[in-house]
Each structure stands twice: as C-alpha cells, then as structure tokens.
Amino acid sequence: MKQTQYVAREPDAQGFIHYPPEEHAVWNTLITRQLKVIEGRACQEYLDGIDKLGLPLDRIPQLGEINKVLAETTGWQVARVPALIPFQTFFELLANKQFPVATFIRTREELDYLQEPDIFHEIFGHCPLLTNPWFAEFTHTYGKLGLAATKEQRVYLARLYWMTIEFGLVDTPEGRRIYGGGILSSPKETVYSLSSEPEHQAFDPLEAMRTPYRIDILQPLYFVLPNLKRLFEVAQEDIMGMVERGMQLGLHAPKFPPKPKAA
C-alpha cells in the first residue's frame, strides 16, 4: 500500500474522538459548500439519506451518531479505520455491513481534492445512501463477493465499485442525477460529471468491469443507471460470472493519457 501523510484520530476511553477547532472549521467549509453544489444534481435517495443523517454543519460528526441512523434504517454501521486499509480488510468490513471511515480530515491545502478517502468523503459522500436498502444490499453483496475472490478477480470487482458506488450516475424522472460518493464529495466533479464534456454510457456491469480508470483525474466516462433499484437487481445476478467473462475479454482501451512518471 502507498503511504499517506494523514493519521486517523483515536477515540478516548468513552469512544469520543476529539478534533481541533481548525478541523471542525474545515468540515464546515466542505459541507456548507457542497450542500449548495449538489442542489439539483444529487439523486433523491441520496438527499433523503442526508435528511435522515442530519449531519452537523459546525463540527465533524461522531461515528456513534452515524451508526444510530444506519442501524435504524438498513442495519449498517461505520467502522473506524486508519487512513489506508488493505483490500482484504475492506471486503471483510463490507461483508459484515460495516463501512470503513478513516477518522482524519483533509487540510485546507487539499480542500478540493485528495487521493485518500477522508471522513468528509466517507460520511458525506457514502453514508447517506447506506440508509437506502437497494444501495446497502448491493454494497453488502459486493463485500461478500470480494472476500471470496482471488487477487485477479478483485481488480475487476474494483472497477465495478469505482463505476457505481464511487462515480455512478442515475437517470430519474427529474433528469440525470449523481449517486456516486466520489462525485458527491467533490465540487468540481459534481458539476463536470453532469456536463456535456465527459462521455455518458448506459450502465452495463460487464462493461464497467472492463473499463480502466485513473484516480487522480476527472473521469472521462460515467456509467448511468436507469434507476437506483438497478443496483439491487445487479446484486441478485451472477457478478462473478461477469468477472470471469471480463477476464476472458480483457480491458477496453483507456480513455485517458497514461499517468506521468515521477521524476
């Protein structure tokens, strides 16, 4: 695993995590800004989740507050993790209906983008939809499959996750909307993803698995669900059979330039 400058904060004996005032201020900047940007762009199921969570604007929420709501809605929990975790741990958590949350927040210097998933990305980006049974079931199934998969199969599963849970779009009666947490926690990508600049493709799980991506750029391609329930339907399909088919067919040509080599 690559290294990170961030260190997750530890809870005290009562399970309370103390953040300094500057980190609460960063949370306030991020959430107040992003709540405005997602207006008319986030899917209704996500907005319903935001309402249920009742996220504070003036401070970083405690994980126990999030867990109370998730337990009441879909039976999920969030689990405190370090900044970066191995694939194995990630799949184990999801298979047990626990979503990993790293208890650090980005610095002001990386306000608009950082490669590591911080507490704002995980809680604001992903937790609202974990109150939705369709999304929760897909995520749970994904974790169970990943836990049993080989290293080679996991790479294909990772692309499916990237193109749905992180960077998915969905068509709704009101128009095209966002449900992917990687988009919803990024002001720039929230606006860009729904513009005419990137390519939009009807969602096909096999195609998603065969599509390369880079984590450090705006996505050139987004897959669009016909509705959010489609995720629940995919969870009932033979995903591992699709993985095997994807491995036989191989990857599509990337729609982005290669990553520049470090000097």
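Calculation notes
- Residues numbered from 1 in each chain as written.
- Predicted model: local features only at pLDDT ≥ 70, side-chain atom pairs only at ≥ 80, totals over all residues.
- Heavy atoms only, no water.
- UniProt positions renumbered as here; feature names shortened; annotations may be inferred.
- Axes fitted to C-alpha atoms, helices over the stretch in contact; angles between N-to-C directions.
- Helix = DSSP H or I, 4+ residues; strand = E, 2+ residues; numbered from the N terminus.
- Parallel < 35°, antiparallel > 145°, perpendicular 65-115°, else oblique.
- Left-handed = near helix turned anticlockwise from the far one by under 90°.
- Contact = heavy atoms within 4.5 Å.
- Salt bridge = Lys/Arg side-chain N within 4 Å of Asp/Glu carboxyl O.
- Buried < 20%, exposed > 50% of the residue type's maximum accessible area, 1.4 Å probe, protein only.
- 1 Å grid on protein atoms, 1.4 Å probe; cavity = no way out; pocket = protein on both sides within 12 Å on 5 of 7 lines; lining within 4 Å.
- Points joined across faces, edges and corners; volume = space filled by probe spheres on them.
- Nonpolar A, V, L, I, M, F, W, Y, C, P; charged D, E, K, R; others polar.

The name that an unreviewed UniProt entry assigns to the protein is Phenylalanine-4-hydroxylase, with the source organism given as Pseudomonas tritici. On record in UniProt, under Pathway (unreviewed entry), the comment for the protein is "Amino-acid degradation; L-phenylalanine degradation; acetoacetate and fumarate from L-phenylalanine: step 1/6." The UniProt entry for the protein carries the following comment under Sequence similarities (unreviewed entry): "Belongs to the biopterin-dependent aromatic amino acid hydroxylase family."

So, on to the packing of helix α6 (residues 133-148) against helix α7 (residues 151-166). Each packed pair of helices is defined by two parameters, the angle between the axes and the distance between the axes. Two numbers describe how α6 lies on α7: the axes approach to 10 Å, and their chain directions differ by 165 degrees. In terms of axis orientation, α6 runs roughly antiparallel to α7. In this structure, the crossing between α6 and α7 has a hand that is left-handed. Of the residues in α7, those touching α6 at F135, F138, T139, Y142, L145, G146 and L147 are R154, L157, A158, L160, Y161, T164 and I165.

Under the counting rule described, the total for this entry stands at 13 salt bridges. Residue D118 pairs with R106 through a salt bridge whose shortest N-O separation is 2.9 Å. Taken as a pair, D118 in the loop between β2 (98-102) and α5 (119-126) and R106 in the loop between β2 and α5 lie far apart in primary sequence, 12 residues in all. Exposure class is identical for D118 and R106. Each is buried. Between E199 and K255 there is a salt bridge, and its shortest N-O distance comes to 3.1 Å. Here E199, found in strand β5 (residues 199-202), pairs with K255, found in the segment after α12 (239-249); they are 56 residues apart in sequence, far enough to count as distant. By sharing partners, the salt bridges in this structure join R230, E233 and E237 into a single network.

Below, the discussion takes up the layout of surface pockets. In this model, the largest pocket occupies a volume close to 1,400 Å³. In terms of lining, the largest pocket is formed by 43 residues, of which the most central are Q115, P117, W162, E166 and I215. Sorting the residues of the lining of the largest pocket by element identifies α4 (87-95), β2, α5, α7 and α9 (187-193) as the ones contributing at least two each. Counted by class, the lining of the largest pocket contains 27 nonpolar, 6 polar and 10 charged residues.

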